[in-house]
Amino acid sequence: MKKSASAFDALRSARLSLLAVVSLLGWAVGVQGGGIIGINYGTMANNLPPPYQVAKFLLQKTFIKHVKLFDADPNILRAFADTGISFTVTIANDRIPALANHSNAQQWITSNILPYIPTTNITRILVGNEVIATADKSLIAGLVPAMQSLYAALVIASLSHQIQVSTPHSLGILSSSDPPSTGKFRRGYDTVVLKPLLGFLKATGSPFMINSYPFFGYTSSTLDYALFRPNAGVFDENTKLTYTNMLDGQLDAVYTAMKLLNYSDVEIVIAETGWPSHGDPGQIGVDPESAAAYNKNLIQHVTSGVGHTIDAK
Ligand SMILES: *[C@@H]1O[C@H](CO)[C@@H](O)[C@H](O)[C@H]1NC(C)=O
Ligand SMILES: *[C@@H]1O[C@H](CO)[C@@H](O)[C@H](O)[C@H]1NC(C)=O
Ligand SMILES: *[C@@H]1O[C@H](CO)[C@@H](O)[C@H](O)[C@H]1NC(C)=O
């Protein structure tokens, strides 16, 4: 079955309007290593509740202790002061080339982080989003230098032990992922960007982050596998492992690719995942029930701690 553009758009907008529907368990759920669930707090939607209400809601009505922003919105960061909730902030892709410059990186930390800590618990800075997927040479070339400059600025501010620097990738960075034991990064990006990036992450104790959407990989015959519902599983001949859900398969494909570059010891964290609740009429598996099943089963799976390599750390 082909994924249509409108289903893709629905996924994007569902992801961005998360906080409007967080009471339904969240449509986009960020997962952090070691079985922790967080949410992506998007602000591109109408009728969003004000940040202080969101903070109150999360504290009083949910178990969510981790929030990821697609920017570093001062109003949100202020609204979450003294909540202890840990924040991941994101720097826009177009800022990357400038931030390779050390004084610009220091300025960015001074303006966007220092005013809000320690009252707001900022614990991670993401430099861009799916930068490799942009195929923009200047962004890709600037990515690791920008991360290094920001890290250096955190060291100067004595914050490098409490704030990590990373960047999320789409699964498009893999040239092979099925079965998971054949996972491999695309040639050209593997040694030029991903190897230095993994070296940086390992040296600084930061995770490799991915946006993982089984939605983009399922067919009508693998819907249950994608939604963590009971299914026959997928057997990997090479490792003799049977996968019971697509997300684990995607994570292991990333793990295998990292291992090829000798960085199997860097933790993998999912920055985004989710499932659209509406798409083309008649499209199998794109409805509110499927979206709810994905989120519910995902949370159950992640918090159960069961998995092949996710918890290897
Ligand atoms: C900030 O978040 C981190 C990670 O969740 C947590 O370990 C730490 O205790 C939090 N800090 C405060 C002051 O709540
Ligand atoms: C970095 O940027 C500053 C001001 O933004 C500029 O003065 C300096 O020359 C730049 N450094 C490099 C190495 O480009
Ligand atoms: C990984 O390590 C092995 C064994 O030390 C080495 O042969 C191989 O060249 C390394 N691969 C990369 C991509 O560095």
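Residues numbered from 1 in each chain as written. Chains lettered and ligands numbered in written order. Predicted model: local features only at pLDDT ≥ 70, side-chain atom pairs only at ≥ 80, totals over all residues. Heavy atoms only, no water.

Caption draft 1: Representation of the overall build of the chain within the structure. What the chain contains, in helices and strands, is 10 helices and 13 strands. About 13,700 Å² of surface is accessible on the chain, with carbon and sulfur atoms providing 54% of the total. (Helix = DSSP H or I, 4+ residues; strand = E, 2+ residues; numbered from the N terminus. Areas by Shrake-Rupley, 256 points an atom, 1.4 Å probe, with all protein chains shown as cover.)

Caption draft 2: The site of ligand 3, seen in detail. In the vicinity of ligand 3, the contacting residues are K195, L260 and N262. In the environment of ligand 3, an oxygen atom lies 3.0 Å from a nitrogen or oxygen atom belonging to the side chain of K195. One nitrogen or oxygen atom from the side chain of N262 is found 2.2 Å from an oxygen atom belonging to ligand 3. Protein burial of ligand 3: of its 360 Å² of free accessible surface, 33% is covered by the chains. (Near = heavy atom within 4 Å. Polar contact = N/O pair within 3.5 Å; in protein donor to acceptor, adjacent residues only side chain to side chain.)

Caption draft 3: Expanded view of the site of ligand 1. Around ligand 1, a shell composed of H66, G84, S86, N121 and T123 is seen. Contact between ligand 1 and N121: an oxygen atom at 2.3 Å from a side-chain N or O atom of the residue. When isolated, ligand 1 has an accessible area of 360 Å², and the protein chains bury 38% of it. Classifying every residue of the shell around ligand 1 gives no nonpolar, 5 polar and no charged. (Nonpolar A, V, L, I, M, F, W, Y, C, P; charged D, E, K, R; others polar.)

Caption draft 4: Region of interest: unusual backbone geometry. Residue P118 follows I117 across a cis peptide bond; omega there is 0°. By the secondary structure assignment, P118 is in the loop between α5 (102–112) and β5 (121–127). The peptide bond linking D178 to P179 adopts the cis configuration, its omega dihedral lying at 0°. Relative to the elements of secondary structure, P179 occurs in the loop between β8 (174–176) and β9 (184–185).

Caption draft 5: Main features of the nonpolar core. Ranked by size, the top nonpolar core spans 82 residues in total, and within it W108, I113, F185 and F208 carry the most contacts. Contact partners of F185, with chain neighbours within four places excluded, come to I173, L174, S175, D190, L194, L198, F208, V254, A257, M258 and L261. (Core = buried A, V, L, I, M, F, W, Y, C linked by side-chain atoms within 4.5 Å. Buried < 20%, exposed > 50% of the residue type's maximum accessible area, 1.4 Å probe, protein only. Contact = heavy atoms within 4.5 Å.)

Caption draft 6: Region of the structure containing the pairing of strand β4 (residues 86–91). A large share of β4 lies buried, amounting to 6 of its 6 residues. The alternating pattern of β4 places S86, T88 and T90 on one face and F87, V89 and I91 on the opposite face, and all of these are buried. When strand β3 (residues 66–69) meets β4, the two strands line up parallel, connected through 3 bridges. Bridging across to β4, H66 finds its partner in S86. Handedness of the β3-helix α3 (residues 74–79)-β4 crossover: right-handed. In this structure, β4 lies alongside β5, joined through 6 bridges in parallel fashion. (Pairing = 2+ DSSP bridges. Right-handed = clockwise from strand over helix to strand, strands pointing away.)

Caption draft 7: Structural view of α5. Taken together, the buried positions of α5 are occupied by A105, W108 and I109. Summarising the axial view, the buried residues of α5 lie within an arc of 95°, below the 170-degree limit, and thus occupy one face. By the N-cap criterion, in which a side-chain oxygen at the helix start approaches the backbone nitrogen of a residue two or three places on, α5 is capped by N101, the distance to S103 being 2.8 Å. (Arc of directions from axis to C-beta.)

Caption draft 8: Looking closely at the environment of P230. Looking at where P230 falls in the secondary structure, it is placed in the loop between α8 (223–226) and β11 (234–236). In sequence terms P230 and T244 are 14 residues apart; their C-alpha atoms lie 7.8 Å from each other.

Caption draft 9: How the structure looks around the pattern of salt bridges. Taken as a whole and assessed by the stated rule, the structure comprises 3 salt bridges. Among the ionic pairs, R229 bridges to D224, the shortest N-O distance being 3.9 Å. Given the relative accessible area of 34%, D224 is considered partly exposed. (Salt bridge = Lys/Arg side-chain N within 4 Å of Asp/Glu carboxyl O.)

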